[in-house]
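# Examining the three-dimensional arrangement
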Amino acid sequence: MKNPAALFKIKGLWDQFVQSHPKFPQFLHAVASSGVGEDSIIEVQITQPDGQQMKTNIKVNQSDLELFEQLKTLME
(Lines give C-alpha, C1' and ligand atoms only; values in the text may rest on other atoms or scores of the structure.)
Protein backbone atom coordinates (compact mmCIF):
# COMPACT_ATOMS: atom_id res chain seq x y z
CA MET A 1 0.00 0.00 0.00
CA LYS A 2 1.41 3.36 -0.98
CA ASN A 3 -0.07 5.22 1.98
CA PRO A 4 -0.01 3.36 5.32
CA ALA A 5 -2.26 6.04 6.83
CA ALA A 6 -4.97 4.90 4.42
CA LEU A 7 -4.99 1.52 6.17
CA PHE A 8 -5.77 3.21 9.49
CA LYS A 9 -8.55 5.19 7.83
CA ILE A 10 -10.04 2.00 6.39
CA LYS A 11 -9.86 0.36 9.83
CA GLY A 12 -11.71 3.31 11.37
CA LEU A 13 -14.37 3.22 8.68
CA TRP A 14 -14.75 -0.54 9.16
CA ASP A 15 -15.21 -0.08 12.92
CA GLN A 16 -17.91 2.51 12.25
CA PHE A 17 -19.57 0.17 9.72
CA VAL A 18 -19.59 -2.63 12.31
CA GLN A 19 -21.31 -0.35 14.83
CA SER A 20 -23.97 0.61 12.27
CA HIS A 21 -24.50 -2.89 10.89
CA PRO A 22 -23.58 -5.48 13.57
CA LYS A 23 -25.33 -8.38 11.84
CA PHE A 24 -23.18 -8.13 8.70
CA PRO A 25 -19.83 -8.86 10.42
CA GLN A 26 -21.54 -11.68 12.34
CA PHE A 27 -22.63 -13.10 9.00
CA LEU A 28 -19.10 -12.79 7.60
CA HIS A 29 -17.71 -14.52 10.68
CA ALA A 30 -20.20 -17.39 10.30
CA VAL A 31 -19.27 -17.74 6.63
CA ALA A 32 -15.55 -17.69 7.43
CA SER A 33 -16.06 -20.30 10.16
CA SER A 34 -17.89 -22.67 7.85
CA GLY A 35 -15.37 -22.00 5.11
CA VAL A 36 -15.88 -20.62 1.65
CA GLY A 37 -14.32 -23.11 -0.65
CA GLU A 38 -13.22 -23.07 -4.23
CA ASP A 39 -16.22 -23.26 -6.60
CA SER A 40 -18.54 -21.69 -4.00
CA ILE A 41 -20.88 -19.05 -5.42
CA ILE A 42 -21.03 -15.60 -3.81
CA GLU A 43 -24.07 -13.58 -4.80
CA VAL A 44 -24.70 -9.89 -4.09
CA GLN A 45 -28.00 -8.10 -4.60
CA ILE A 46 -28.70 -4.40 -4.12
CA THR A 47 -32.24 -3.04 -3.96
CA GLN A 48 -32.54 0.71 -4.53
CA PRO A 49 -35.17 2.72 -2.61
CA ASP A 50 -37.27 2.83 -5.81
CA GLY A 51 -37.27 -0.98 -5.97
CA GLN A 52 -34.74 -1.33 -8.79
CA GLN A 53 -32.52 -4.35 -8.22
CA MET A 54 -28.99 -5.13 -9.32
CA LYS A 55 -27.54 -8.57 -8.80
CA THR A 56 -24.31 -10.38 -9.61
CA ASN A 57 -22.40 -13.45 -8.54
CA ILE A 58 -18.93 -14.92 -8.72
CA LYS A 59 -17.63 -18.46 -8.63
CA VAL A 60 -14.78 -18.51 -6.11
CA ASN A 61 -11.38 -19.59 -7.39
CA GLN A 62 -8.07 -20.21 -5.63
CA SER A 63 -6.76 -16.64 -6.04
CA ASP A 64 -10.03 -15.33 -4.53
CA LEU A 65 -9.42 -17.51 -1.47
CA GLU A 66 -5.94 -16.02 -1.09
CA LEU A 67 -7.41 -12.49 -1.28
CA PHE A 68 -10.09 -13.36 1.30
CA GLU A 69 -7.44 -14.69 3.66
CA GLN A 70 -5.38 -11.49 3.35
CA LEU A 71 -8.47 -9.31 3.92
CA LYS A 72 -9.39 -11.38 6.97
CA THR A 73 -5.89 -10.82 8.38
CA LEU A 74 -6.19 -7.05 7.80
CA MET A 75 -9.53 -6.87 9.64
CA GLU A 76 -8.31 -8.72 12.74
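Residues numbered from 1 in each chain as written. Predicted model: local features only at pLDDT ≥ 70, side-chain atom pairs only at ≥ 80, totals over all residues. Heavy atoms only, no water.

## Notes on the overall build of the protein chain
Regarding its fold elements, the protein chain presents 3 helices and 2 strands. Order of helices (α) and strands (β) in the protein chain, N terminus to C terminus: α-α-β-β-α. Against the compact-globule benchmark of 11 Å for 76 residues, the protein chain has a radius of gyration of 15 Å, which places it well outside the compact range. A total of 76 residues make up the protein chain; the buried ones form 5% of that total. Of the accessible surface of the protein chain, which amounts to about 6600 Å², a share of 58% is contributed by carbon and sulfur atoms. Taken as two groups, the 7 positive and 9 negative side-chain charges of the protein chain have centres that lie 7 Å from each other. (Helix = DSSP H or I, 4+ residues; strand = E, 2+ residues; numbered from the N terminus. Rg over C-alpha atoms; globule rule 2.2 N^0.38 Å. Buried < 20%, exposed > 50% of the residue type's maximum accessible area, 1.4 Å probe, protein only. Areas by Shrake-Rupley, 256 points an atom, 1.4 Å probe, with all protein chains shown as cover. Lys, Arg positive; Asp, Glu negative; His and termini not counted. Charge placed at Lys NZ, Arg CZ, Asp CG, Glu CD.)

## Remarks on the confidence of the model for the protein chain
Of the residues in the protein chain, 95% reach a pLDDT of 70 or more, and the chain-wide mean stands at 87. Element-level pLDDT for the protein chain is lowest in helix 3 (residues 62-75), with a mean of 81, against a maximum mean of 97 in strand 2 (residues 53-59). (pLDDT = per-residue confidence, 0-100.)

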